[in-house]
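Survey of secondary and tertiary structure
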Protein chains: 2
Amino acid sequence: MNETSYHHGDLRTAMIEKGMEMINEGGLKNLSLRKLAAACGVSHAAPYSHFSGKDDLFAAIQNHITDKFVIVLNEAIKNSSETSDGLFHMGCNYVLFFVRNPKYFSFLFSRANIYLDLTGESGGYEPFAIYKKLMHQLFAETQYPEELWLKTILSHWAFVHGLASVVTMSGADTIKEWEDIIPDLLANNYFLQ
Amino acid sequence: MNETSYHHGDLRTAMIEKGMEMINEGGLKNLSLRKLAAACGVSHAAPYSHFSGKDDLFAAIQNHITDKFVIVLNEAIKNSSETSDGLFHMGCNYVLFFVRNPKYFSFLFSRANIYLDLTGESGGYEPFAIYKKLMHQLFAETQYPEELWLKTILSHWAFVHGLASVVTMSGADTIKEWEDIIPDLLANNYFLQ
DNA sequence: ACTTCATCTTGACATTGTAAAGATATCATG
DNA sequence: CATGATATCTTTACAATGTCAAGATGAAGT
């Protein structure tokens, strides 16, 4: 199935991966369904055989990026013997994922289709669910007082997610020290009082 | 200058305020320059006498929201006698502004035109600059070790900004307890270790 | 070889952003 | 008050975009 054939072969994957490329290069505003189709060498209506529309296409790209993000998060658990160590590394991996892919941040979190389930043990937006589950595990191990669970989860996640936000808004690509700063900030408590 | 006259009278302000309304109602994706113009009772090209284009118009709306945001932040200083108290209240006001205006968050921070100046004493994105300046003041008062300034600012801002993000992603309008939770989270340290 | 079906193309249309040219009212100046 | 300059708005036009419908193509199975 070469590039001159009538049928593309794997247009769905091609659209998603080309979409990720073009988001990383020119951002979102200059990316249209038709340009993406052209970049894949198909006509402007071809994507409609694989996606119900533009929203569906971009949601698929979002899911694909989220999948990679989830993989990076889960790597933190594998490489850690203790749970508390895993939480630290998951925080690092969380932020550093966006240090290495700055454009992904606003794309992932500005589409207003993400729901953070605060109450349950699982469900909701997967990266948050993973983080939450790991903290629950740590809470159980250390017999952390249950009335503080939600507050502690909120604090930790907000801090980590906020750091990712800061990184992308202060020139992630221009600051090379992030890889040293982030673990420092997560390991030590630099809050006043 | 009534609504039937050829000249609107204050189209620029009308576009900005109507734009804020429509963002709060239907979000961004359903808002076009032409719809906004129609909602203001003018032709679709009328806005071009006040804005250079769509980007300029939306930047003006963004600036207007930011102005209101800055006012809310500065109120924290007036109502506080001590600097540390002001910092606490500014954090509260920061997050609660988005509890009360959930749609503003993604609109403000997803336009990729915000730059956080980490190094200087002022300049850059104003809400961040205000927060940073207040912390510098507190550092000076308490003779806080200078090598920790940047790390402490990063931690505090990331936490506060992350909380605002969490709030908007977990249904700001459905959870009425935020106004009690946020001050609690900011006043007490619920981080592990 | 024939049929079936997924995939792709072509053509069309409404919406949108933008620019140019002209219409209208406001305002300063005499 | 008259007049011309200027700001503001309308009309018209065009290219880009998202979407749909109808038809073309070829792959896979019978």
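Up top is the structure these notes are about.
Everything numeric here is computed off the predicted structure, so don't read it as measured data. (Residues numbered from 1 in each chain as written. Chains lettered and ligands numbered in written order. Predicted model: local features only at pLDDT ≥ 70, side-chain atom pairs only at ≥ 80, totals over all residues. Heavy atoms only, no water.)

Taken together, a rotation about one axis and a shift along it account for how the two chain copies relate. With an RMSD of 0.0 Å, the fit of chain A onto chain B corresponds to turning through 180° and sliding 0.0 Å along the axis. Taken together, the rotation and translation describe the operation of a two-fold axis. (Least-squares fit on C-alpha atoms with pLDDT ≥ 70 in both.)

Counting from both sides, the interface comprises 41 residues of chain A and, opposite them, 41 residues of chain B. For the pair chain A and chain B, the summed buried surface comes to about 3,500 Å²; carbon and sulfur atoms form 72% of the total. Among the residues chain A hides against chain B, the three largest losses belong to M169, Y190 and L192 of chain A. Together they make up 21% of the total. Taken together, the connections running from chain A to chain B amount to two salt bridges. Our count for the chain A to chain B interface comes out at twelve residue pairs in polar contact (both at pLDDT 80 or more). Within the residue set of the side of chain A that touches chain B, elements represented by two or more residues are helix 6 (126-142), helix 7 (149-169) and helix 8 (178-187) of chain A. (Contact = heavy atoms within 4.5 Å. Buried area = accessible area lost by both parts, 1.4 Å probe. Salt bridge = Lys/Arg side-chain N within 4 Å of Asp/Glu carboxyl O. Polar contact = N/O pair within 3.5 Å; in protein donor to acceptor, adjacent residues only side chain to side chain. Helix = DSSP H or I, 4+ residues; strand = E, 2+ residues; numbered from the N terminus.)

This part covers the packing of helix 5 (residues 102-109) of chain A against helix 7 of chain A. All names here are of chain A. Viewed as axis vectors pointing N to C, helix 5 and helix 7 meet at an angle of 120°, and their least axial separation amounts to 9 Å. The orientation of helix 5 relative to helix 7 falls into the category oblique. Crossing angle aside, the handedness with which helix 5 passes helix 7 is left-handed. For the pair formed by helix 5 and helix 7, the contact residues are P102, F105 and F109 on the first element and H161, A164, S165 and T168 on the second. The residue inventory of the contact of helix 5 with helix 7, partitioned by class, reads four nonpolar, three polar and no charged. (Axes fitted to C-alpha atoms, helices over the stretch in contact; angles between N-to-C directions. Parallel < 35°, antiparallel > 145°, perpendicular 65-115°, else oblique. Left-handed = near helix turned anticlockwise from the far one by under 90°. Nonpolar A, V, L, I, M, F, W, Y, C, P; charged D, E, K, R; others polar.)

This paragraph deals with the protein's contact with DNA strand D. If you check the shell around DNA strand D, you find 23 residues, and the closest are R34 and K54 of chain A together with S43, H44 and H50 of chain B. Sugar and phosphate atoms represent 56% of those atoms of DNA strand D found within 4 Å of the protein. Within the side chain of H44 of chain B, a nitrogen or oxygen atom sits 2.8 Å from a base oxygen of DNA strand D. Counting residues per element, the surface near DNA strand D draws most heavily on helix 2 (residues 33-39) of chain A, at three residues. Along the lines of polarity and charge, the residues of the surface near DNA strand D split into nine nonpolar, eleven polar and three charged. (Near = heavy atom within 4 Å.)

Now for the packing of aromatic side chains. On inspection of all chains with the given rule, the structure shows 37 aromatic pairs over all chains. When the ring of F97 of chain A is compared with that of F98 of chain A, the centres are 5.1 Å apart and the planes differ by 90°; the resulting orientation is edge-to-face. On the basis of relative accessibility, which here comes to 7%, the residue F97 of chain A falls in the buried class. Ring-pair connections join several aromatic residues into one group, and the members of that group are F69, Y94, F97, F98, Y104, F105, F109, Y125, F128, Y131 and W157 of chain A. In this structure, K54 of chain B is placed above the aromatic ring of F58 of chain B, and the distance from its NZ or CZ to the ring centre is 5.3 Å. (Phe/Tyr/Trp six-rings, centres within 6.5 Å; stacked < 30°, edge-to-face > 60°. Buried < 20%, exposed > 50% of the residue type's maximum accessible area, 1.4 Å probe, protein only. Lys NZ or Arg CZ within 6 Å of the ring centre and 35° of its normal.)

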